[in-house]
Amino acid sequence: MTIGYVVVWAGVLLALASVGLYLMSGRRPALRRGARGAFVGAFAAIVAAEGLLMYALLTGRYDLQYVYSFSEESLTPLFKIASAWAGQEGSFLLWAFWLGVYGLILMRTAGGYERWVMAVYGGVILLLMAILAFQSPFAPLPKPDPAPAVWPPRDGFGLNPVLENPWMKIHPPIIFAGFAALTVPFAYAIAALWRNEYHEFAVRVRPWAIYSATMLGFGLALGGYWAYETLGWGGFWAWDPVENSSYFPWLFMAAGLHGLMLQINRGRMVRWNPLLLALPHLLFLYGTFLTRSGALAEVSVHSFVNMETNALKILLGMLIGSVLFTLGLWAWRYRQMPLPAPDQTKGFSREAAVRWGIVLLSISALISLVGTSWPLITKAVGKQMEALKPEFYNQVHIPWIVITAIALAAAPILTWRGMCLDSALERLTKSWLAAVATGFVLFFLGFREPITLLICTLVAFTAYANLGAIWRRVRTSRLTLGGLITHVGLALAILGLILSYGYERKERVVILQGQDTFAMGYKWRYLGMTGNEKFPGEPLADKFNRVRIEIASHDEKFVVEPRFYQDQRRETGNNVVWPAIIRWWDHDLYVSFFAPPQIDVSPLTLALHEKEKGTVEGYTIEFLGFQTGGAMGTEGFRAIAKARVSHPDWKAPVEVEPFRMVTGGGVVPIPVPLPDGAQILIGQMDVNRRLVQFQLVMVPNKPETAPRWVIPLEVYYKPFTILVWLGPPLTLLGGLLATLRRARDVRYGAARATGESFPAPQPRVVKPRGRTPRRVKEPVIAHSEQGSGG
Amino acid sequence: MKLGSILTLVLVLAGIAFTVRAFVNNTSPYVKVEQLQTRGQNVHLPLKPLQDTVQFDIKTMTLTFEGEDETGRVKVVYPKGKPNNFEAASQVVAIGSYKDGVFYAEEMLVKCPSKYQGETQTANR
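Here the structure is a predicted model, which means the values were calculated and not measured.

The rules we used
Residues numbered from 1 in each chain as written. Chains lettered and ligands numbered in written order. Predicted model: local features only at pLDDT ≥ 70, side-chain atom pairs only at ≥ 80, totals over all residues. Helix = DSSP H or I, 4+ residues; strand = E, 2+ residues; numbered from the N terminus. Buried ≥ 20, exposed ≤ 12 C-beta atoms within 10 Å, placed from the backbone. Contact = placed C-beta atoms within 7 Å. Expected span 1.5 Å × (residues − 1). Pairing = 2+ DSSP bridges. Axes fitted to C-alpha atoms, helices over the stretch in contact; angles between N-to-C directions. Parallel < 35°, antiparallel > 145°, perpendicular 65-115°, else oblique. Left-handed = near helix turned anticlockwise from the far one by under 90°. Nonpolar A, V, L, I, M, F, W, Y, C, P; charged D, E, K, R; others polar. Core = buried A, V, L, I, M, F, W, Y, C linked by C-beta atoms within 7 Å. Domains from an automatic or database assignment. pLDDT = per-residue confidence, 0-100.

## Some remarks on the overall build of chain B
Each helix and strand in chain B was counted, giving one helix and eight strands. The secondary structure elements of chain B, listed N-terminal to C-terminal, are α-β-β-β-β-β-β-β-β. When burial is assessed residue by residue, chain B has 31% of its 125 residues classed as buried. Sequence-distant contacts, at least 24 apart, represent 42% of the contacts inside chain B between residues at least 6 apart.

## A word on the overall build of chain A
On a plain count of helices and strands, chain A comes out with 18 helices and 22 strands. Projected onto its principal axes, the C-alpha coordinates of chain A cover approximately 110 × 70 × 50 Å. Looking at chain A as a whole, 48% of its 790 residues are labelled buried. Long-range contacts, defined here as pairs at least 24 residues apart, represent 70% of the contacts in chain A between residues at least 6 apart.

## Notes on helix H17 (residues 482-502) of chain A
An α-helical turn contains 3.6 residues, so a residue and the one three or four places further along point in the same direction. Look at H17(A): 30 Å from first C-alpha to last across 21 residues, which is about the 30 Å you get at 1.5 Å a residue. For H17(A), the tally of buried residues reaches 19 of 21 residues, placing the bulk of the element in the interior.

## Observations concerning the pairing of strand S22 (residues 708-719) of chain A
All names here are of chain A. When you tally the buried positions in S22, you get nine out of 12 residues, the bulk of the element. Relative to S22, strand S2 (residues 505-512) runs antiparallel, the two being bridged by eight bridges. For Arg508, the partnering residue across the bridge sits in S22 and is Glu714. Here strand S10 (residues 587-593) pairs with S22 via seven bridges, running antiparallel.

## A few points about the sheet that holds strand S4 (residues 522-529) of chain A
All names here are of chain A. Spatially, the four strands line up as an open sheet ordered S3-S4-S5-S6, and their pairing is antiparallel. The sheet is open, and its two edges are formed by strand S3 (517-519) and strand S6 (557-560), each paired on a single side. Each strand of the sheet is rotated relative to its neighbour by a mean of 30°, with strand direction disregarded. Here three bridges tie S3 to S4, and the two strands are oriented antiparallel to one another. Bridged to Phe518 within S4 is Lys523.

## Re the packing of helix H5 (residues 88-109) of chain A against helix H7 (residues 167-181) of chain A
Residues and elements named next belong to chain A. Direction vectors running N to C along H5 and H7 enclose 55°, while the axes themselves pass 8 Å from each other. Considering the angle they form, H5 stands oblique to H7. For the element pair H5 and H7, the recorded crossing hand is right-handed. In this structure, H5 contributes Ser91, Leu94, Trp95, Trp98, Leu99 and Tyr102 to the contact, and H7 contributes Pro172, Pro173, Phe176, Ala177, Phe179, Ala180 and Ala181. Here the contact of H5 with H7 is built from residues that sort into 12 nonpolar, one polar and no charged.

## Let's talk about the environment of A:Asp745
Following the sequence through the fold, A:Asp745 ends up in helix H18 (residues 722-754). Separated by 659 residues in sequence, A:Asp745 and A:Ala86 place their C-alpha atoms 39 Å apart.

## Here we look at unusual backbone geometry
Residues A:Trp151 and A:Pro152 are joined by a peptide bond in cis, for which omega reads -5°. Among the secondary structure elements, A:Pro152 is positioned in the loop between helix H6 (114-134) and H7. Backbone geometry places B:Asp100, a non-glycine residue, at a positive phi of 50°. Tracing the sequence through the fold places B:Asp100 in the loop between strand S6 (91-99) and strand S7 (102-111).

## Brief notes about the nonpolar core
Core analysis: the biggest nonpolar cluster contains 179 residues, and A:Ala96, A:Val117, A:Leu128, A:Tyr188 and A:Val459 have the highest contact counts within it. The next biggest cluster of nonpolar side chains, apart from the first, holds 29 residues, and it includes A:Val162, A:Tyr526, A:Ile549 and A:Tyr565.

## A closer look at the domain arrangement of chain A
Assigned domains within chain A: domain 1 (1-159), domain 2 (505-599 + 712-719) and domain 3 (602-705). For domain 2 of chain A versus domain 3 of chain A, the separation of C-alpha centres amounts to 33 Å.

## What to know about the packing of H7(A) against helix H9 (residues 199-231) of chain A
The axes of two packed helices give the description: the angle between them and the distance between them. Residue and element names in this part refer to chain A. Relative orientation of the contacting elements H7 and H9 amounts to 150°, with a least axis distance of 8 Å. The orientation of H7 relative to H9 falls into the category roughly antiparallel. With respect to the hand of their crossing, H7 and H9 are arranged in left-handed fashion.

## Things to note about H6(A)
With 21 residues, H6(A) ought to run about 30 Å at 1.5 Å a step, and its terminal C-alpha atoms sit 30 Å apart, in line with that. Of all 21 residues in H6(A), 19 are buried, a share of seventy percent or more.

## Section: the sheet that holds strand S12 (residues 604-609) of chain A
Residue and element names in this part refer to chain A. Pairing is antiparallel across the open sheet formed by four strands, whose spatial order is S12-S21-S20-S19. Every interior strand has two partners, whereas the edge strands, S12 and strand S19 (672-673), have only one. Sheet topology places strand S20 (residues 679-686) next to strand S21 (residues 691-697); six bridges connect them, and they run antiparallel. Paired with Ile680 across the two strands is Leu696, which belongs to S21.

## Observations regarding the confidence of the model for chain B
A low pLDDT means the predicted coordinates there should not be read in detail. All names here are of chain B. The share of residues in chain B with pLDDT of 70 or more is 86%, and the mean pLDDT across the chain is 79. At the level of individual helices and strands, chain B shows its lowest average pLDDT in strand S8 (residues 120-122), which scores 33, and its highest in strand S5 (residues 72-78), which scores 93. Across residues 113-125, confidence stays below pLDDT 50; counting only partners more than four residues off in sequence or on other chains, it has 25 contacts.

## Section: the pairing of strand S2 (residues 43-49) of chain B
Residue and element names in this part refer to chain B. Only one face of S2 is covered, namely the one carrying Val43, Leu45, Leu47 and Pro49; the face carrying His44, Pro46 and Lys48 has none of its residues buried. Taken together, the five bridges between S2 and S6 define a ladder with antiparallel strand orientation. Looking at the pairing, Leu47 lines up with Val92 of S6. Bridge analysis of S2 against strand S4 (residues 62-69) gives two bridges, and the strand direction is antiparallel. Within S4, the residue paired with Lys48 across the bridge is Glu68.

## Thoughts on the environment of A:Val323
Residues and elements named next belong to chain A. Take Val323: it is sitting in helix H12 (residues 309-334). Val323 gets classed as partly exposed once you count the C-beta atoms within 10 Å, which come to 16. For Val323 and Leu279, which are 44 residues apart along the polypeptide, the C-alpha to C-alpha distance reads 8.5 Å.

## With respect to the confidence of the model for chain A
Across chain A, pLDDT averages 87, with 92% of residues at or above 70. Across residues 769-790 of chain A, where pLDDT falls below 50, the model places 54 contacts with residues more than four positions away in sequence or in other chains.

This is the structure in structure tokens:
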């Protein structure tokens, strides 16, 4: 696929040209058209590369390393397309694709900021394309030596079965839409520091900050759904490094957009905002490095392949370079930045609540950042790698969420300038009473663990306070509801996560074939496995194998079908579990496995030396000698034990050759049938001492010798997971509303900040109250004194 | 100092103390068998499993075996079934706590020899 390389390199050159022309267009404005053209060209190259990759996947070009590794013939066309982001190269390409899309919008909307923003932004695309040039998705599959008879291969190795489920089609595109959006605020922040201009900046960057936090947050939620529905450990979030490395950028972006709110409404946070808004992109680069470089391979459940050396160098250079550049530029500009407006609040103010929110978001982000990096830190100081248990994050976030819930509840009812405690409490009374009532209801429903109950009550308080604010405003100013809806959604999701985790009950249920088991108030019975249709006797080898289990209580009865599949092709992580989830409105019954289903059998055994003869239950076995088949040490190698078996009921003795065979999954005994339906196989063998232990199974009239399945289930009762599904869509809706509103503000706000004449209608302009802050020349623009933003 | 700033300071200090404590409680260092008596809670314990001591109760899915490193031997109980390739494992990392002469593993990482060099797998996440 030479054309693939050509397209990617064209992207590199066009991005380089765009950056160069934008930089030079300061002196010669005529160059701007060229710069725009080059950027559109770079975007076209990215689209072409993505299109080529999908075409290669669809048409089965298994001579390409990427296609061979992540696709196979048996996939449906949609999954073949989804394989385009199954691997590292493909996900870099997806990232580049979204960057290109946003770049086109940014180019048209950045106004006076275009030159600076697009230079920085184009630089990011340039480096990303350079990574793709070295670690290309179009690299040919290396030909093994000696070459096999069929080359190139007719079929691929295939998509990891864990990824082969519907969420694969949705989650990666959305979360990368969020990741890529982080780069826009970064570019704006650098541009603002570069120009030393912070007012127009705040107005222009605001919709992007809200948008990126919204998309990334929704992407995280989708990832949680995916984990819950398919991974089988009964939760949405596991504090895994891969999850964390998208969690802390999200938190900083959330902190940053609240910082912008304080800057635009109150003239505060002016100096910190550029740093806060640049951080998420930098941290995402860091997270990419952590999770792609193999640095954390030992402590994460996600599997990583090490990056190509040059590509890794570019990524590392990009990370270190951007961090140093950003921090240096910010430190250098710090003393030249306008001073923030003085604090004019009294008592309990919205300003203080939002400030607390920013601090709390940053704290949570910092803790997750340090926690995720901990294995690297311990390694760097020369100690044995240490991992943090996920429980750490849960414990730390308990006090955190208490304070955050209060701040979130208070923010919408407080006024910017502050009010005394009495009137603040008065406004919160209704929400608080409703929350306490909710707490009592939960208590009587049986949710009694005190700390969790307290947290649930507080989070419910947040939800009610914000719902109240929505109710008061829904008639007058619908567009200002975005932030409030977001907060309600967040409160619901957090409430669902806490209730479903804090009050979950789990139990291990081991079901024996043919026997009823009692657990969780139900009777459990194993019915069979669907994999037996395709692979008789070896059902776990079927990719779509479902284990059918009947669950019955006194008044209801249903069948659940959790999936279990052992992937023979992969050496690691080859147990693929898909739990069965039965949903009621108030709880889920979640049925998964804590170990692979296994076969239990108590065979008749007889240990014999070579040429020895012995008898067990009427069967006389004579061990004749060893033979081997296949090449030693390779798959398919067989160790055969020849034996003569006789039984009083048979006419004549039979000679059999049971063997043990080396397969991808280990050494497997292969049984041989005897005339009466029993089977003989080799239990243990010791070639040096010429000793074999023979086993007889399926012996007539001896039921304990017949193999029976043992199904080790882990069953969870998870209350109120429905809230986890309700919250994130609300947050998405609220975030998009707020994005639209702030995007509309840009026209007026930017014109105001640059001193141009206003397009009508004119927004309300509020002079800062009290004494004028030093060096702040422009008055502060208040878009809506009541708007809480988002 | 105003009452507010004192209150903030106290809150911040309490927060830091709480975080550090949670941090210390939840790090899981790698230890040797001889250290188990003194530092046996929440640890990673790399061991060579002695295959002739392996017992597996299929009715409860409990795996019991003895493992050793260069400093000693210890009995391990693991309640989550037998990990894949356990028979072929030259080294396992048992993660859990030590109590009354027995190491109770909550998780187990299995490292396999030769062909699977460098590959690790988490049993039953």
